[in-house]
Amino acid sequence: MVSIGEFGSKIKENISRVIVGKEKTIERVLAVLISGGHVLINDVPGVGKTMLARSLAISLGLEFNRLQCTPDLLPGDVTGISILNLKTNEFNFRKGPIFTQILLVDEINRTTPRTQSALLEAMAERQVTVDGRTFQMEKPFFVIATQNPVEFEGTFPLPEAQLDRFSISLTMGYPDEKSERKLLKGISTEHPITSLKPVSGQDELDSVLKQVKEVEIEDSVLQYIISIVNETRSHRDIQLGVSPRGSIALMETARALAGIRGRRFVIPDDVKETASDILSHRIIIKPEARLMRRTNRDVINEIVESLPIPINNEKT
């Protein structure tokens, strides 16, 4: 049986053949996948968001679909529609792109709130209801959604309820000079994704999903998570704090990250270094804080730095 650490290492190494210099981002996306969450990537076009999703699906040998969001996209274009079969005089359901294992929702804020909401049931309950019929999703069902944080014309900001469905909000950023040089040399003949092969499969993934639930988290680390989240609910600069769903996401992602790093237990650093990515999109800061040019990440980082790190965890 492959361990979480072995599984993580070979997946990261394989994806890094395509996505150069972004090992930290790859690690966190993989952690969210095996913890049962979903990923929102906020970044400018051309930094590799689509390639990351495709590389992950290929590496795991999973089914992959891409949904390009536009203002005229309808909910039926996401979930599927029932079509009348004239021969049998019955309606046949034709599944939409949401019926896959890894779904890339590109530029999610380009489509209307009505269509955005078509994703909610699948993301939260792993099922889709159409015309009164409920269809179960395959396992795993993992959404990677992207949005451009620079362009706002013709966009529809995600409501808080939908933002809260994403376990983590990431930015990939531009590569450094060394990584970009390696990238350019790597695609001089053909794109590396064309030769990318699966290095794992459904059976290994199922095993890893079970092992993640066995990663230990001590009471002192749990209290550390609770303290961070509670502070967001009373902070002077925060209008809306983190919900219990945020606490769960922080705990589960920390457990997955610990497993990927070869540990069977969570340490406070697993929580501390992911808190900003997991909690920042779940809060609303007050107008006066925005006027002072403070960001959600600034506030979360301030909270994390102000709280004492638990030191009674003997395993650390």
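Predicted model, so just to flag it, every value in this text is computed and none were measured.

Undergrad: Any chance you could break down the pattern of salt bridges for me, citing the residues and the numbers?
TA: All chains considered together, the criterion is met by 20 salt bridges. When the shortest N-O distance is used, the salt bridge between Glu-305 and Lys-272 registers 3.8 Å. Here Glu-305, found in helix H15 (residues 296-306), pairs with Lys-272, found in helix H12 (residues 268-272); they are 33 residues apart in sequence, far enough to count as distant. Residue Glu-305 is classed as exposed on the basis of its relative accessible area of 58%.

Undergrad: How would you explain unusual backbone geometry if you had to name every residue and give the values?
TA: Most peptide bonds are trans, and most residues other than glycine sit at a negative phi. The residue after Lys-139, namely Pro-140, is reached through a cis peptide bond having omega -5 degrees. Inspection of the secondary structure assignment puts Pro-140 in the loop between strand S7 (133-136) and strand S8 (142-147). A positive phi is found at Glu-107, a non-glycine position, where the angle reads about 55 degrees. Positionally, Glu-107 belongs in the loop between strand S5 (102-106) and helix H5 (113-116).

Undergrad: Describe the pairing of strand S6 (residues 127-130), listing the residues and the values that go with them.
TA: Two strands pair when backbone bridges link them, and S6 and S7 are joined in this way by 4 bridges, in the antiparallel orientation. Opposite Gln-127, over in S7, you have Gln-136 as the bridge partner. Between S6 and S7, which follow one another and run antiparallel, lie 2 residues, and Asp-131 among them has a positive phi close to 55 degrees.

Undergrad: Help me get a handle on the side chain of Arg-255, residues and values and all.
TA: Following the sequence through the fold, Arg-255 ends up in helix H11 (residues 244-260). For Arg-255, a relative accessible area of 10% puts it in the buried group. Ignoring sequence-local partners within four residues, the contact set of Arg-255 consists of Val-212, Lys-213, Glu-214, Val-215, Ile-217 and Val-266.

Undergrad: Can you lay out the sheet that holds strand S2 (residues 64-68) for me, pointing to particular residues and giving the numbers?
TA: With parallel pairing, the 5 strands of this open sheet are ordered in space as S2-S5-S8-S1-S9. At either margin of the open sheet sits one strand with a lone partner, and together these are S2 and strand S9 (168-170). Between one strand axis and the next, the sheet turns through 20 degrees on average, direction left out of account. As defined by bridge partners, S5 adjoins S8 across 4 bridges and the pair is classed as parallel. The residue bridging Ile-102 from the neighbouring strand is Phe-142, located in S8. Contacting strand S1 (39-42), S8 and S9, helix H2 (residues 23-34) crosses the sheet at an angle of about 160 degrees to S9. In this fold helix H3 (residues 49-60) packs onto S1, S2, S5 and S8, with an angle of close to 170 degrees to the strand it touches most, S5.

The rules we used
- Residues numbered from 1 in each chain as written.
- Predicted model: local features only at pLDDT ≥ 70, side-chain atom pairs only at ≥ 80, totals over all residues.
- Heavy atoms only, no water.
- Salt bridge = Lys/Arg side-chain N within 4 Å of Asp/Glu carboxyl O.
- Helix = DSSP H or I, 4+ residues; strand = E, 2+ residues; numbered from the N terminus.
- Buried < 20%, exposed > 50% of the residue type's maximum accessible area, 1.4 Å probe, protein only.
- Pairing = 2+ DSSP bridges.
- Contact = heavy atoms within 4.5 Å.
- Axes fitted to C-alpha atoms, helices over the stretch in contact; angles between N-to-C directions.

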